[in-house]
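What follows is each chain in one-letter form.
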Amino acid sequence: MTLTREPREQEHTRTTTIVTRVRDRARATPGRIAMREKDFGIWQEVTWADYWENVQLVAHALLALGVEPGDRVAVHSENRREWLYTDLAIVAVRGITVGLYPTNPAAEAAYLLSHSGAKILIAEDQEQVDKALAVLDRCPELERIVYVEPRGVRGRYDDPRLTAWSELLEIGAAHREENPGAVERRMAATRTDDVITLIYTSGTTGPPKGVMLTVGNVEYAIKLLVEGGGFTSPPPSERDLALSYLPLCHVAERAFTVWFNAAAGVQVNFAESIETVQANLREVQPTILFGVPRIWEKVLAGVEIRLESASPLKRAVTRFWLGVADRIGDTLVRTGGTHTPRTRALYGIGWVFCYRALRERLGMRRVRYAASGAAPIAPAVLKFYMGIGVAMHEVYGMSENTAVATGNRPGRIKLGTVGEPHEGVELRIDELTGEILTRHPGTFAGYWRDPRATADVLDPDGWLHTGDVGEWVDGTHVRITDRMKDIIITAGGKNIAPSEMENALKASPYLKEAVVVGDRRKYLAALIGIELDTVGEWARRRGLPYTTYRDLSEKPEVRELVQGIVDEVNERFARVEQIKRFALLPKELDHEDGELTATQKVKRSAIERLFADLVEGMYRSR
Amino acid sequence: MTERTERVEPPEQAGAPGRVETAGRGRAPAAGPDAHPGGGPGAVRARRPKGRPLLYTAYSQDMALLDTRAKKVWLALLLGAAILLSGLPDDLLVLLAAGYIAAIGAIGLNIVTGYAGQVSLGHAFFVAIGAYTAAAVSGDPGGRTLGFGITSMLVWLPAAGAVAALAGVLVAPLAARLRGLYLAIVTLGLVFLGEHVFKEWDHLTGGPGVGRPAATPELFGFRFDADSALGTRAQSLYMLMLVLLVVFAVAARNLARSRIGRAFSAVRDRDIAAEVIGVPLTRYKTLAFAISSFYAGCAGALMYTITGFFDPGSFNLLMSVQFIAMVLIGGVATVSGSIAGALFITLLPRLTQELPALLPFVSADTTQTPNVFQIQVALYGLLIVLFLVFEPRGLFGIWIRVRAYWKSWPFSY
């Protein structure tokens, strides 16, 4: 594998890592709040001293269990305190954290565990323990499974490899008694090229690949994004609150939760689950909020539903002010996110009547920086948030470059672009293919146990091939057309980027999924999945009875509704880019069924295979 | 009481496995003294981040008496207004003072009927017991009726409450055996029993049509029922009743958010389910009657200090119905509703007296029809019917609705 970084001078001063940052913070401000997690109905607080104490105990336990530098430790859990304790402890003992998506089915978990060769698995509960036990024979290197929630495991399973979290802490405490300072000694040996985590790509095509990020990569990202204020302005601080709800094994959530927390002291609040995000948002009222397009779309759809069922006066007032917000949004888009005196005045009045309350209800009253990333999003959705006063920024990055590539900066927003390259980031667009290439110290060390794939994306001179096709806008901002391999070439020879159309469709509150097909066909068609909540509510208001998702999808009235949306979207596109026919998906797409990746991205090829008859139906002559 | 109720208790269902689990969830059992993430007694301070009223970091915040800033502001405003009201003319002050006393009684009825769900029509009986106990304790030993000559409020007020509470405890076994309508009828029987006893027991009550002097409101030598350097008689009584109402209301609110209050609600919502989760029914029903009767007794003791004289015929079914009306119109299972309902019912006669001036066909003369007294009686009935049909949660419910309308802005839920 090609390592592009020049070997750094071996510092005599100890290497700064996220662990030393947490340790220093625990010494400087032991009593301040590092994180909160809702437990038995109240937000249990963890101070920096508690945090560091737990990290040390887990780290000692890992030493006692024989974790050597470079050993992999897997974490299969929802976001919670123990995730962070473990992640930091692993970095402290120079191990490698492997995050598994909580939704990973057993087969995928088996692949990730065996491919990474994890020695220890931290499994959240019985569900994850069961997955691991089911595939143990395929993971010979797995020596121990630590379960965090004893319910359903303790006293029922007698596999000798099982250890409870409380036992792990006891092991750690005992080890610390005997070997005081062992963790600190191990930490002192940390080098900047130590790999600290494997971030498995979601694998829309083929099996997931493990992206190796080093201490140096993460420190670079922290210096640029956190301390340098690469996203937020002013940079994040201890006074900021964040809500952690997206999978921590994804690089974006890891950055916004673990790195923002360790480097800037941002207080992390763990959502109870993805279903309770809206309620938790209201409680926590974070100041920094990162979301994937699906979340932003869903919140917007929720506003629509609740507005429809509001009393007439409220509906009229809110509709009026949302109309105003739309115009404010237009102006902000033009100015790059800076208010003009007129919009500021308008917003001020609207704040009294609508925006303050609306943002409070959405849990975004105090958001000073909101970001969307990890997938393309329709500009209309972003504009909605900008209009109601949520400072929304689209950002771009990927696991392979430690999430460092481009971002819209406050006041210099260009809607529809992913922003400007961060300071010091080299970014160019390949003249031939249009592919976006980046080069900076955050570029990953390679794919785990896959030098061929590494060579495919990493030039000898350090350029990372992102696989995204893009173009410059006004010479400063980057617009992403689509993933390279998703580009559709119709029978007429026209290159079409499906994601733009798909996002335009998904911007409608009634549609959840849209997959445009038409590669080597004479026209474009789309597989469309409706949003059960909104369409269900729509049907209910019309007195349209339905039983299941499938039943609702097959209603002629629903088809008409979707047809209307498709027609509306088609008007915005050139004739050859228009969707001529569409089919409604008979089921909600699911990770378990292999239709979505763990990050809820559609697996295009799988969809086209699974719903082949639907696709063929759309190309049969009428 | 506040100290007691603010104790952080784990939820009822958190048995041993739950505790182990929390220990597993990030609490280091072998950690040093500073390792008290969240739940530990050392870490629970009200240090939640600013401007996030829904972010509870300790149970004490969740259960706080005044958990939102709005409540604090409203309470301060209302108290300020109540104190400013002492500048009103004396006849209105006396009326308001009577309303405050009625509110104490209504809170008492709300504890047993609203919070604990035990319908009681016998409230007048307990009020009577309190009134007579207080009158007897503070009465003139040489007088026509029974009296012990201890005029200090510090003695006769608790005594009135205690004797009434004792009566409540004696009645409670009925409540433990009966439910709903049957309990209502049985407590109704108490009123008739009481009425008869009080009419016949001349030595205590003075007999029907004659009556006896009420308790003397005296505290450390200060007479509230006489003009003094601090203000007129009406002003002294008004302030006394206001202070007492605040004390009783705060105590009731604290009770409602304590373990006892939660047990009451559980009993009310489904007594069998409550028993299954470990709420001792008999004990809590007895407690509900005892506390409710204590309030009624105190209210009874104070009620006649204003007029100074009372007749055994006052403690009839109408009085019970008036208390029920206060609770229903004010709001079931709310303290502030009880106060609002009591003031409303007490001020209603005064309002209807103004009717002849507004509506010429209404007469102030009892010999003519329609007259204000007929309208008054009809209004009680009409209001109860209207409230039960249109707003079963009473005046407080209307407030809740108004509040919810604005709180849910810009949506409807």
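Going by the structure above, here's the rest.
Source: prediction; values computed, not measured.

**Q** Which parts of the structure should I look at to understand the overall build of chain A?
**A** Along the backbone of chain A there are 21 helices and 26 strands. In terms of overall size, chain A behaves like a compact globule, its C-alpha atoms giving a radius of gyration of 25 Å where 622 residues would be expected to give roughly 25 Å. Overall, the C-alpha framework of chain A stretches about 75 × 55 × 55 Å when taken along its three principal axes. Burial statistics for chain A: of 622 residues in total, 56% are counted as buried.

**Q** Hey, could you run me through the environment of leucine 317 of chain B in this one?
**A** Residue and element names in this part refer to chain B. Relative to the helices and strands, leucine 317 resides in helix α14 (residues 317–330). A tally of 14 C-beta atoms within 10 Å means that leucine 317 is categorised as partly exposed. When the C-alpha positions of leucine 317 and alanine 124 are compared, they lie 7.1 Å apart, and in sequence the two are 193 residues distant.

**Q** Where do I start with the sheet that holds strand β9 (residues 210–214) of chain A in this structure?
**A** Sheet strands pair by backbone hydrogen bonding; their relative direction is either parallel or antiparallel. Residue and element names in this part refer to chain A. Reading across the sheet, the eight strands line up as β7-β6-β5-β3-β4-β8-β9-β19 and stay open at both edges, with mixed pairing between neighbours. Taken across any chain shown, the strands that pair with only one partner, and hence form the sheet edges, are β7 (162–164) and β19 (446–447). Across two bridges, the pairing between strand β4 (residues 96–100) and strand β8 (residues 195–200) is parallel. What sits directly across from threonine 97, in β8, is threonine 197.

**Q** Quick question: what am I supposed to make of unusual backbone geometry here?
**A** For residues besides glycine, phi is generally negative; the peptide bonds are generally trans as well. Looking along the chain, the bond that leaves tryptophan 409 of chain B and enters proline 410 of chain B is cis, with omega of 5°. Mapped onto the fold, proline 410 of chain B is located in the segment after α18 (394–407). Even without a glycine there, the phi angle at threonine 402 of chain A is positive, about 55°. Checked against the element boundaries, threonine 402 of chain A lands in the loop between β14 (392–396) and β15 (406–407). A count of 30 C-beta atoms within 10 Å places threonine 402 of chain A in the buried class.

**Q** Looking at this structure, I do not really get the nonpolar core. What am I missing?
**A** One recurring pattern in soluble globular proteins: nonpolar side chains tend to sit buried together. Core analysis: the biggest nonpolar cluster contains 198 residues, and Val55, Leu62 and Trp259 of chain A have the highest contact counts within it. It is helix α2 (residues 48–64) of chain A that provides the largest number of residues to this core, a total of 11 residues. Ignoring sequence-local partners within four residues, the contact set of leucine 62 of chain A consists of Val67, Val73, Ala89, Ile90, Val93 and Gly95 of chain A. In terms of nonpolar packing, the next biggest core, distinct from the first, is built from 103 residues, Ile101, Val163, Val191 and Leu328 of chain B among them.

**Q** Sorry if this is basic, but what is going on with the sheet that holds strand β20 (residues 464–473) of chain A here?
**A** Residue and element names in this part refer to chain A. The strand order across the open sheet formed by four strands is β17-β18-β20-β21, and the pairing between neighbours is antiparallel. The two strands at the open ends of the sheet, each matched to only one other strand, are β17 (426–429) and β21 (477–483). Averaged over all pairs of adjacent strands, the angle between their axes in this sheet comes to 50°, without regard to strand direction. Judged from the four bridges that link them, β17 and strand β18 (residues 435–439) form a sheet pairing that is antiparallel. Within β18, the residue paired with arginine 428 across the bridge is leucine 437.

**Q** How do you make sense of helix α17 (residues 532–541) of chain A when you look at a structure like this?
**A** Along an α-helix, residues three or four positions apart point the same way, because every turn accommodates 3.6 residues. Residue and element names in this part refer to chain A. All of the buried residues in α17 are Thr534, Val535 and Trp538. An end-on view of α17 places all buried positions within 90° of arc, on one side of the element. Along its buried surface, α17 packs onto α11 (293–308), β25 (524–530), α18 (549–553) and α19 (556–570). Following α17 by one or two positions, glycine 543 has its phi on the positive side, about 70°.

**Q** Before we go on, may I ask you to explain helix α6 (residues 165–178) of chain A in this structure?
**A** Here α6 of chain A contains 14 residues, and its C-alpha end-to-end distance of 20 Å stays within 8% of the 20 Å for a straight helix at 1.5 Å per residue. Of all the positions in α6 of chain A, only Trp165, Ser166, Leu168, Leu169, Ile171, Gly172, His175 and Arg176 of chain A are classed as buried.

Calculation notes
Residues numbered from 1 in each chain as written. Chains lettered and ligands numbered in written order. Predicted model: local features only at pLDDT ≥ 70, side-chain atom pairs only at ≥ 80, totals over all residues. Helix = DSSP H or I, 4+ residues; strand = E, 2+ residues; numbered from the N terminus. Rg over C-alpha atoms; globule rule 2.2 N^0.38 Å. Buried ≥ 20, exposed ≤ 12 C-beta atoms within 10 Å, placed from the backbone. Pairing = 2+ DSSP bridges. Core = buried A, V, L, I, M, F, W, Y, C linked by C-beta atoms within 7 Å. Contact = placed C-beta atoms within 7 Å. Axes fitted to C-alpha atoms, helices over the stretch in contact; angles between N-to-C directions. Arc of directions from axis to C-beta. Expected span 1.5 Å × (residues − 1).

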